[in-house]
Amino acid sequence: MDNHMFAATELNQKNQRTEKLVRLLFIMMAALLILPVLVILGTLIYKGGSVISIDFLFTDPTNGMTEGGIFPALLGTIWLVAVALVISVPLGIAAAIYLSEYAPDNWFTRLINLAIINLAGVPSIVHALFGVGAFVVFFGFGTSILSASLTLAIMTLPVVIVSTRESLQAVPHSFREACWNMGATRWQTIRRVVLPNAVSGILTGVILEVSRTAGETAPIMFTGAVFFSPFLPQGIMDQTMAMSLHLFVVSTQVPGVPENLPYGVALVLIGMVLLMNSISIAFRMHLRGKKKW
Amino acid sequence: MVNEESRIKLEIQNLAVSYGGQTAISGINLSIREHEIFGIIGPANAGKTSFLKAINRMNMFDSNMQVEGDILFNGQNVRKWRNVYALRSRIGVVFPLPVGLPMSIYDNVALSPQLRGIKEKAELDIIVERCLTRAALWDEVKDRLHTLGSLLSGGQQQRLTIARALSQEPELLVLDEFSIAVDPVTTMRIEDVLKELKSEMTIILVTNLVQQARRLADRTAFFLDGECVEIAETEALFTRQTSDSRTRDYVEGRFG
């Protein structure tokens, strides 16, 4: 009898077989995620890698956009993203701090939360048309970097708010109570204890926003981005070219573009986003290594 | 000296606390003298922590918690104080579970002085050393003041919490079952510290270790089911036939 104490029964064996199968299934599902990334990147590098060069990045497109580089579009995207960030980051972080640290649970707070969820669900083309109506026409900013960036900012605001709020909430409540007990005000508590420990999460939200902003096409094509411009933008009231729109144009709108050019543009665009993401991951790991409870 | 000791630091009149209509404590009347260690004993759910939260007005952060009655701190009604931050900074609180803030050991203790507006490094250094020494932690951490406080062991974190409470230079120190997360040896060291601190501040010691109250408290109150059953000089509470049989049963370990 004693010998059989640890022997597997038939039921045990069956459970263990199921366990292995289920585990395998989940691993395969998770591994599937890598596939699209590899295929996309692989295709882009294979077909577009040949056009990438310093010249390609830093010269103007020529010959009806069938030759030359992408510099105005690259610069335009940087402009658009930077201005959108300047608008949405302070606004989004302030709103998230209010919602996480100050807001009582009442109808007003719930209304704001509802608005954020709905804002996140609005399709980008609707944002684009809103941008035309509000910024281009009503406020009279015209088609400009300002109008386009405002539209992008509003579109990406929910991402910043939700991710910032979540990283604030991840800081344990007991830290706040300990601080309040010492006689600290809410703001002192936020500044000294909550924010320093939420930075890495907030940063992630901001980078996510950058990635999204850099790739958006619809919201900018009516509000500030143009097919082609012989001039580089000099300020936020100028129109500009942009990477995402440029990709759309060289892929579908201009005849006679060599096949590898659109792939090259896409590769640069995706490279920008990946670069930003890696910087943020590195920075986060650096911060996380320093702070922990 | 006698005169000094008989001054009332904290007076509680008809205090009641409820959470969304459910009563936690009611009808509490007691007064705590300056420079005494006032013990509060009682089983779980007796309302000890609710009592402490009300003193500190922490109910502000819990919309579910309602407080009624009067709490006079230095003769002033705390429920009418406009400057709740000044109130809280005069009351140091130590929770049952240590809360090392996610910052360096030094900053944990220097935070409260900094919030009071002390900026000079030399002054902060003195405060940090004094508070850590008093909390019986200085020798263990003096060489690593700039490492994270939250990485200390549980017992060390609790002493850090005590050091932080002392850094407020509180008039009233409130300890809520501080020894739960602390080993017996450290507990004894902290108890020695508390006996010394008595000359400088008033201490409320909430404990579920009956013998700890007996060792430290000048007077002890027995809380049960949201009521204050009895308040007496500690020795009297533990030795004489107390007026209430429930107290006797509790201190002798027959229930609770």
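Going by the structure above, here's the rest.
Quick look at the structure, then. (Residues numbered from 1 in each chain as written. Chains lettered and ligands numbered in written order. Predicted model: local features only at pLDDT ≥ 70, side-chain atom pairs only at ≥ 80, totals over all residues.)

A closer look at the overall build of chain A
Next, step 1: Counting its secondary structure elements, chain A contains twelve helices and two strands.
Next, step 2: Secondary structure elements in chain A, listed N-terminal to C-terminal, are α-α-α-β-β-α-α-α-α-α-α-α-α-α.
Next, step 3: The globule rule puts the C-alpha radius of gyration for 293 residues at 19 Å, and the 25 Å found for chain A is more than 25% above it.
Next, step 4: Projected onto its principal axes, the C-alpha positions of chain A cover 90 × 55 × 35 Å.
Next, step 5: With 293 residues in all, chain A has 38% of them scored as buried. (Helix = DSSP H or I, 4+ residues; strand = E, 2+ residues; numbered from the N terminus. Rg over C-alpha atoms; globule rule 2.2 N^0.38 Å. Buried ≥ 20, exposed ≤ 12 C-beta atoms within 10 Å, placed from the backbone.)

A short note on the interface of chain A and chain B
Next, step 1: Chain A puts 17 residues into the contact, and the matching count from chain B is 17 residues.
Next, step 2: Those elements that place two or more of their residues in the side of chain A that touches chain B are helix 8 (173–181) and helix 9 (186–215) of chain A.
Next, step 3: Among the elements that line the side of chain A that touches chain B, the one with the most residues is helix 8 of chain A, at five residues. (Contact = placed C-beta atoms within 7 Å.)

Some points on the sheet that holds strand 8 (residues 202–206) of chain B
Residue and element names in this part refer to chain B.
Next, step 1: Overall, mixed pairing links the six strands, which are arranged 6-7-8-3-9-10 in an open sheet. This sheet does not close on itself; its edge strands, each paired only once, are strand 6 (91–94) and strand 10 (227–233). The average angle at which neighbouring strand axes cross in this sheet is 15°, direction not considered.
Next, step 2: Both strand 7 (residues 172–176) and strand 8 contribute to a ladder of five bridges, which runs parallel. From the neighbouring strand, Leu 175 faces strand 8, where its bridge partner is Leu 205. (Pairing = 2+ DSSP bridges. Axes fitted to C-alpha atoms, helices over the stretch in contact; angles between N-to-C directions.)

Notes on the sheet that holds strand 5 (residues 76–77) of chain B
Residue and element names in this part refer to chain B.
Next, step 1: Strand order in this open sheet of four strands is 2-1-4-5, and the pairing throughout is antiparallel. Strand pairing shows two members of the sheet lacking a second neighbour, strand 2 (22–33) and strand 5, which therefore form its edges.
Next, step 2: With eight bridges connecting them, strand 1 (residues 8–19) and strand 4 (residues 65–73) associate as antiparallel partners. Its bridge partner lying in strand 4, Val 17 is registered against Val 67.

Details of the nonpolar core
Next, step 1: The biggest cluster of nonpolar side chains holds 140 residues, and the ones touching the most others in it are Leu 80, Met 243 and Val 265 of chain A together with Ala 163, Val 174, Ile 204 and Leu 205 of chain B.
Next, step 2: Setting aside residues up to four positions removed in sequence, Val 174 of chain B forms contacts with Leu 52, Ile 55, Ile 91, Gly 92, Val 93, Val 94 and Ile 204 of chain B. (Core = buried A, V, L, I, M, F, W, Y, C linked by C-beta atoms within 7 Å.)

What to know about the environment of Phe 231 of chain A
Next, step 1: Of note, Phe 231 of chain A is situated in the loop between helix 10 (218–221) and helix 11 (243–253).
Next, step 2: Each C-alpha atom, one on Phe 231 of chain A and one on Asp 60 of chain A, is 9.6 Å from the other, the two residues being 171 residues apart in sequence.

A look at unusual backbone geometry
Residue and element names in this part refer to chain B.
Next, step 1: The phi angle at Glu 169 is positive, at roughly 50°, despite the residue not being glycine.
Next, step 2: Looking at the element boundaries, Glu 169 is found in the loop between helix 7 (154–167) and strand 7.
Next, step 3: Phi at Asp 225 is positive, roughly 50°, even though this residue is not glycine.
Next, step 4: Here Asp 225 is to be found in the loop between strand 9 (219–224) and strand 10.

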